[in-house]
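Summary of the model geometry
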Amino acid sequence: MELIYATVVGVMVTCSVFLMLRGHTFAIVMGLTLMSYAVNLFLFASGGLALHKPAILGETENPTDPLPQALVLTAIVIGFAMTAFALILAIRARADLGNDQVDGRSAPTDSLATKDKEQREKPRATEKASGGKSR
Amino acid sequence: MLHCHITVSGDSPDMNLIWVPLLPLLGTLIPLLLGRYPRSMLALGTAFLPAVALGIVIHLIPQVMAGDYPVVSFEWIPLLSLNISFFLDGLGLMFCLLILGIGLLVILYARYYLAEGDNAGRFYASLVLFMTAMLGVVLSANLIQLWFFWELTSISSFLLITFWSHKTEARKGARMALTITGAGGLALLAGLIMIGELVGSYDLQRVLASGRLIVENEYYPVILALVLAGAFTKSAQFPFHSWLPQAMAAPTPVSSYLHSATMVKAGIFLMARFYPVLSQTELWFAVVSLVGLTTLLVGAYTALFKHDLKGLLAYSTISHLGLITLLLGLDTQLAAIAAMFHVINHAVFKASLFMAAGIIDHESGSRDMRKLNGLFRYMPYTATLAMVAASSMAGVPLLNGFLSKEMLFAESLNQHTLGSLSWLTPLLVTVGGALAVAYSLRFVHDVFFNGDPIDLPKTPHEPPRYMRVPVEVLVVLCLLVGILPDLIVGDLLVAVGASLMPEGVPEFSISIWHGFNIPLLMSFLAVLGGVALYSQRRHMFAFQAQFAEVDAKYAFEQSVQRLVRGATRLQEFIDNGSFQRYTFWLILAVGVVLGVPLLELASAQGSIARSDVDLVSIGGALLLIVGSVATVMVSHKRLLALVTVSVVGLVVSMAFAWFSAPDLALTQLSVEVATIILFLLALYFLPQRITLNHLSPARIVRDLGLATVVGALVGTLTYAMLTRPVNSISEFFTINAKTGGGGTNVVNVILVDFRGFDTFGEITVLAIAAIGIFKLLAGIRMFAPSADMDGRAWSRDRHPVMLMQISQSLLPLALLVSAYIFLRGHNLPGGGFIAGLVTAVALIQQYIANGVVWMRERGDLNFQWFIVSGLLLAFLSGAGSWIFERPFLTSWFDYFYLPLVGKFELASAMAFDLGVYLTVIGATLSILANLGKLTTAERPTPGGQS
């Protein structure tokens, strides 16, 4: 069991690191998400792997270690906040820079970015029109 | 936070002492407030508090002389031995008198010296701040506190040197002074920390009582080098002396106060302060005396060739500081006493000489000795005063300078510091004495006699009456100490000696006449040699002119700029703006940090045997591996990648459930829903897929290699951790959950009770993230596409009826479930985090199904209000324990009985959990709904929010 668990964590970390090294913001946020899964599993494992021994008093003779669970619980929620922040940073970066490259360097290649760019260069009046269109 | 009480340890607690540094500290405000009033009033106001402080010091003199040192101490962070404590011993007393006495004279002098346009308020404020810092240095009874004031002297002197900040030499000089003394200060900090750790206390009095402990330690040479580096840079010892002449760009009152009387003596003070515990070793004698001797000669020789009045005085100061250092480094009993005696004498005559130089500059418009000639006719009174002070500097009998110089000559004959070469020292100090006579002669003869003034900007005249008063006071002191030394300073020197030699001060008496002896002969030779040198000055100047003069300022600036260029290049190399590169190096660093300890681990397999494998686990593991790998493979097809990553998330939550963590499983499951909604919304704005044609194979191999290595390391670490027994503190929580926290769900009790403070921090982070996202989305200018990348238009049916109906009917149920989860959380899986997420997801579902407009018609939810009230509730439920005089977040619980409901429990932790609940709802909704609004007509416009 321990070997399988460790292998799974290792594979997840490998995948997440690879994704985090990509140049597109979306891949990096994906990598971050995978990484937080892996890290949560890792932290959780520090309490040992126990079957059918939840840390509820009175339900079992020998409850499992509750402390890593408490730590991981908040880590999950904060991980969500962090993922959200990174994702919205990515959206904001794309809105301001015109592409979704982390280095903000390469020319916009996708059609959306081109439209964004056009819109940025248009005067304010047309923007209202495009807002109306999307309605 | 200052825990205030007077400790009774040490000598005698005396609250009066705290006022000595505190009054000048308060006094820094007065000149700033009085800045617009007439100068005389400003000067008087500035002088008032330091004068009171001087009165307190004088009042304490009898007590210090009796050896009963006043002590005052406040505990601050006792764990780190950071206390605020002061004590006044003989050494401190002598310096306090110098700092406050000369400081008051300088305040008076500066009132006449500063020009109309100068900002006198700022000047006085910096000057009094410096005074505070200096008093702090000499009174500190704590090593770190001493260092703090030490650095404060550097900073305040920087402010004073740059007082005329429009002058480039003032800025450069100040920078140089700050850099050199600041670097020395860092070395000193290291040295003091080593001393503190070695002695086991940062309390200065305990350090001083440690005897031979430090010198016998193997690290003694390092400690000595670090402390001396601080002392030598501050006291301008060779080869760190070059900053002092550059600091002469300061106004003359500053030069007179800082650069002759006080700050440059701080290094001397430091050596004297640690004299009992650091000296009396071969190393000390060799280093200190050689550095002192070199400085004495280099300074005296250079002073001779300076044409600038202040330049001459600056190098003469360096030379005299070298003399004092040399005395501290001689291995005879009286040398240290002589050193302290010369500290007083030098401060008195050099401060008055600087003031005289300032008067000459002020009234004639020049400091160039090639132009200044024959001033005796124009200002006979000032000239007489300056001549007396200069004679003292040269060591003429009946003046104080003569006495300490005689003591130096006498001690140089008795020392054995240089072994068989010890005969060199008396010879070289006599040469130094001759040079001092020569430059003093030059100062007097060149300026006041030697023909007529050449091209002076102003016609010289006597200064205002009161500008001379400080000079007069100091010159009278020169004479008094010179004629009646034992009466004036005898007792003070005994008290100072008690600080330097706690085991007993040798008998000594200072008198003018010791009979015809060798020191007298040396004095005679020095005077003769000085006169001879000066009479041959033309030849010497011609000789010196052959050498190119090195401007220390430019050399320093050059090295600084080289350093800056190098640093910039290094920074541009590291910080090249590529995020991908930073990530790569960061992960590589993690790999190294992780790998090195694993290399040292004998085997990954620990002592615990592996447990059995079951089919469910294998299935889950396979799903996780396939899901993760698939996410990487299809990451360019983003919608598909989202599906695979959500598979991973679901299996992770199932794994939590499988391994006895129901709370985690519930949390992960509800977070999963929120995350996927979030990603879907993001994909509305980001390209739904990208082409991979620009990826280079080398890059992929590199990244894959690094990823594999880090993955393997983490996997190994996990395995090693799983097969080793843990020594956990968790048992405490399991035992006390019911009795101490009143709940059977230990995880929840830990969250809301035992580690409530952590949870409070975590929901704060959540709130900050939500508000940060709100800010990021405000005013965003984004094109809202009406079709996906392949040109397929979004569905016209924005709010399908089926979805609307189902979600609306589900809402009460979902809220009920979340209320149930919340209430049972203390005893069964659930709690504020999970309930908050469930509620948030239920509400988000309404947004998705019915739209923002529909939701607003039914009461606009103010997410910020949720967040703030949640945080406030959590805080108040914690702060409530203050009313009962318990620490923050102490929980309370009890059981009650209600008819129909039965026995139930109320706990303050539940209020806290409610705060968590509200914050989680607010944050989650704020994140998702604000992003969601962007896809609709409700999006905020750049001008303001809709």
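The rules behind each value
Residues numbered from 1 in each chain as written. Chains lettered and ligands numbered in written order. Predicted model: local features only at pLDDT ≥ 70, side-chain atom pairs only at ≥ 80, totals over all residues. Heavy atoms only, no water. Helix = DSSP H or I, 4+ residues; strand = E, 2+ residues; numbered from the N terminus. Buried < 20%, exposed > 50% of the residue type's maximum accessible area, 1.4 Å probe, protein only. Contact = heavy atoms within 4.5 Å. Areas by Shrake-Rupley, 256 points an atom, 1.4 Å probe, with all protein chains shown as cover. Buried area = accessible area lost by both parts, 1.4 Å probe. Salt bridge = Lys/Arg side-chain N within 4 Å of Asp/Glu carboxyl O. Polar contact = N/O pair within 3.5 Å; in protein donor to acceptor, adjacent residues only side chain to side chain. Phe/Tyr/Trp six-rings, centres within 6.5 Å; stacked < 30°, edge-to-face > 60°. Lys NZ or Arg CZ within 6 Å of the ring centre and 35° of its normal. Axes fitted to C-alpha atoms, helices over the stretch in contact; angles between N-to-C directions. Parallel < 35°, antiparallel > 145°, perpendicular 65-115°, else oblique. Left-handed = near helix turned anticlockwise from the far one by under 90°. Expected span 1.5 Å × (residues − 1). Bend = angle between axes of the 7 residues up to and from the residue. Pairing = 2+ DSSP bridges. Nonpolar A, V, L, I, M, F, W, Y, C, P; charged D, E, K, R; others polar. Patch = residues over 30% accessible without salt bridge, like charges linked within 9 Å, V, L, I, M, F, W, Y side chains within 5 Å. 1 Å grid on protein atoms, 1.4 Å probe; cavity = no way out; pocket = protein on both sides within 12 Å on 5 of 7 lines; lining within 4 Å. Points joined across faces, edges and corners; volume = space filled by probe spheres on them. pLDDT = per-residue confidence, 0-100.

Right, let's get into the overall build of chain A. Of the regular secondary structure elements, chain A holds five helices and zero strands. The buried share of chain A, taken over its 135 residues, is 61%. If you take every contact in chain A between residues at least 6 apart in sequence, the share linking residues at least 24 apart comes to 44%. Summed over all atoms, the accessible surface of chain A reaches about 5,300 Å², with 60% contributed by carbon and sulfur.

Bringing the interface of chain B and chain A into the picture now. The partner chain A presents 85 residues to the 114 residues of chain B that form the contact. Roughly 9,400 Å² is buried in total at the junction of chain B and chain A, and carbon and sulfur atoms are behind 77% of that figure. Across the pair B:D703 and A:R22 runs a salt bridge whose closest N-O atoms are separated by 2.2 Å. Here chain B and chain A share eight residue pairs in polar contact (both at pLDDT 80 or more) between them.

Let us look at the packing of aromatic side chains. Counting across every chain of the model gives 26 aromatic pairs over all chains. With a centroid separation of 5.9 Å and an interplanar angle of 85°, the aromatic rings of B:F584 and B:W585 are classed as edge-to-face. Owing to a relative accessible area of 52%, B:W585 belongs among the exposed residues under this scheme. Here the aromatic residues B:Y109, B:Y113, B:F123, B:Y124, B:F163 and B:W164 are joined through ring pairs into a cluster of three or more. The side chain of A:R22 reaches across the aromatic face of A:F18, ending 4.2 Å from its centre. Stacked on the ring of B:F584, the Lys or Arg B:R702 has its end atom at 3.8 Å from the ring centre.

This brings us to the packing of helix α28 (residues 662–685) of chain B against helix α37 (residues 908–934) of chain B. All names here are of chain B. Interaxial distance between α28 and α37 falls to 10 Å at its minimum, and their mutual angle equals 25°. As the angle between them shows, α28 and α37 are arranged roughly parallel. For the element pair α28 and α37, the recorded crossing hand is left-handed. Between α28 and α37, the contacting residues are A674, I677, L678, L681, A682 and F685 on the first element and T924, I927, L928, L931, G932 and L934 on the second.

Each turn of an α-helix holds 3.6 residues, which means side chains three or four residues apart point in the same direction. Residues and elements named next belong to chain B. Over its 19 residues, helix α20 (residues 465–483) runs 27 Å from end to end, which matches the ideal 27 Å to within 8%, given 1.5 Å per residue. The sharpest bend along α20 reaches about 25° and sits at V471. Buried residues of α20: M467, R468, P470, V471, E472, L474, V475, C478, V481 and G482, and no others. Packing partners of the buried residues in α20 comprise α4 (90–113), α16 (335–364), α17 (380–394), α18 (400–414) and α21 (485–500).

Right, let's talk about the environment of B:L766 for a bit. Examined against the element boundaries, B:L766 turns out to sit in helix α32 (residues 756–777). In this structure, the C-alpha to C-alpha distance between B:L766 and B:V920, residues 154 residues apart in sequence, is 7.5 Å.

All right, on to the sheet that holds strand β1 (residues 12–13) of chain B then. All names here are of chain B. Strand order in the open sheet made by the three strands is β1-β2-β3, with mixed pairing throughout. Looking at the sheet topology across the chains shown, the edges are occupied by β1 and β3 (82–87). Pairing analysis gives six bridges linking strand β2 (residues 70–77) to β3, with the strands arranged antiparallel. Paired with V71 across the strands is F87, a residue of β3.

Here we come to the pairing of β2(B). On a regular strand, one side chain projects to one face of the sheet and the next to the other, so that they alternate. Residues and elements named next belong to chain B. In this structure, β1 lies alongside β2, joined through two bridges in parallel fashion. When the sheet's bridge partners are listed, S12 is paired in β2 with P70. In this structure, the hairpin formed by β2 and β3 is closed by a connection of four residues, where S81 is found at a positive phi of approximately 45°.

Here we take up helix α2 (residues 25–45) of chain A. Spanning 21 residues, α2(A) covers 30 Å between terminal C-alpha atoms, matching the ideal 30 Å at 1.5 Å per step. A large share of α2(A) lies buried, amounting to 19 of its 21 residues.

All names here are of chain B. Of note, the amide linkage connecting F238 to P239 takes the cis form, showing an omega dihedral of 0°. With respect to the helices, strands and loops of the structure, P239 is situated in the loop between α9 (220–234) and α10 (243–246). In this structure, L398 is a non-glycine residue whose phi angle is positive, near 75°. Mapped onto the elements, L398 comes out in the loop between α17 and α18. Given a relative accessible area of 46%, L398 falls into the partly exposed group.

Moving on to the packing of helix α3 (residues 66–97) of chain A against helix α31 (residues 746–754) of chain B. With their axes 8 Å apart at the nearest point, α3(A) and α31(B) run at an angle of 60° to one another. As judged from the angle between their axes, α3(A) and α31(B) are oblique. Viewed along their axes, α3(A) and α31(B) form a crossing whose handedness is right-handed. Residues A:P66, A:L67, A:Q69, A:A70, A:L73 and A:T74 of α3(A) lie in contact with α31(B), whose contacting residues are B:V746, B:V747, B:I750 and B:L751. Of the residues that constitute the contact of α3(A) with α31(B), the class distribution is eight nonpolar, two polar and no charged.

All names here are of chain B. As enumerated under the stated definition, the model contains 14 salt bridges over all chains in all. Here D368 makes a salt bridge to R370, at a shortest N to O gap of 3.1 Å. Residues joined in a network through salt bridges with shared partners are E462, R465, R468 and E472.

Residues and elements named next belong to chain B. Mapped onto the secondary structure, M379 falls in the loop between α16 and α17. The class for M379 is buried, based on a relative accessible area of 0%. Put simply, M379 and I360 are 19 residues apart on the chain and 8.8 Å apart in space, counted from C-alpha to C-alpha. When neighbours within four sequence positions are excluded, M379 is seen to be in contact with I360, E363, P460, H461 and E462.

Bringing a nonpolar patch on the surface into the picture now. Residues and elements named next belong to chain B. Residues L398, V473, V476, L477, L479, L480, I483, L484, L487 and I488 make up a contiguous nonpolar surface patch of about 790 Å² in total accessible area. Broken down by secondary-structure element, the contributors of at least two residues to the nonpolar patch are α20 and α21. Among the elements that make up the nonpolar patch, the one with the highest residue count is α20 (six residues). Overall, V476 belongs to the partly exposed group, its relative accessible area being 45%.

The next thing to look at is the side chain of B:N850. All names here are of chain B. Tracing the chain through its elements places N850 in helix α34 (residues 832–850). Polar side-chain contacts of N850 include one of 3.1 Å to the side chain of Q808. Sequence-distant contacts of N850, defined by excluding residues within four places in its chain, comprise H799, M804, S807 and Q808.

Our focus in this paragraph is empty space enclosed by the protein. Applying the stated criterion to the full structure yields 12 cavities of 30 Å³ or more. Taken as a whole, the largest cavity encloses approximately 100 Å³ of empty space. Lining the largest cavity are 13 residues, with A:S36, A:Y37, A:I76, A:F80 and B:V671 positioned closest to its centre. For the lining of the largest cavity, the secondary structure elements donating two or more residues are α2 and α3 of chain A together with α28 of chain B. Considering each element in turn, the lining of the largest cavity owes the most residues, five residues, to α3(A). Residue composition of the lining of the largest cavity, grouped by class: five nonpolar, seven polar and one charged.

All names here are of chain A. In this model, chain A carries an average pLDDT of 78, and 76% of its residues clear a pLDDT of 70 or more. Looking at the elements of chain A, mean pLDDT is at its lowest for helix α5 (residues 124–134), recorded as 41, and at its highest for helix α1 (residues 2–20), recorded as 93. Across residues 123–135 the pLDDT falls below 50, and counting only partners more than four positions away or on other chains, this stretch makes nine contacts in the model.

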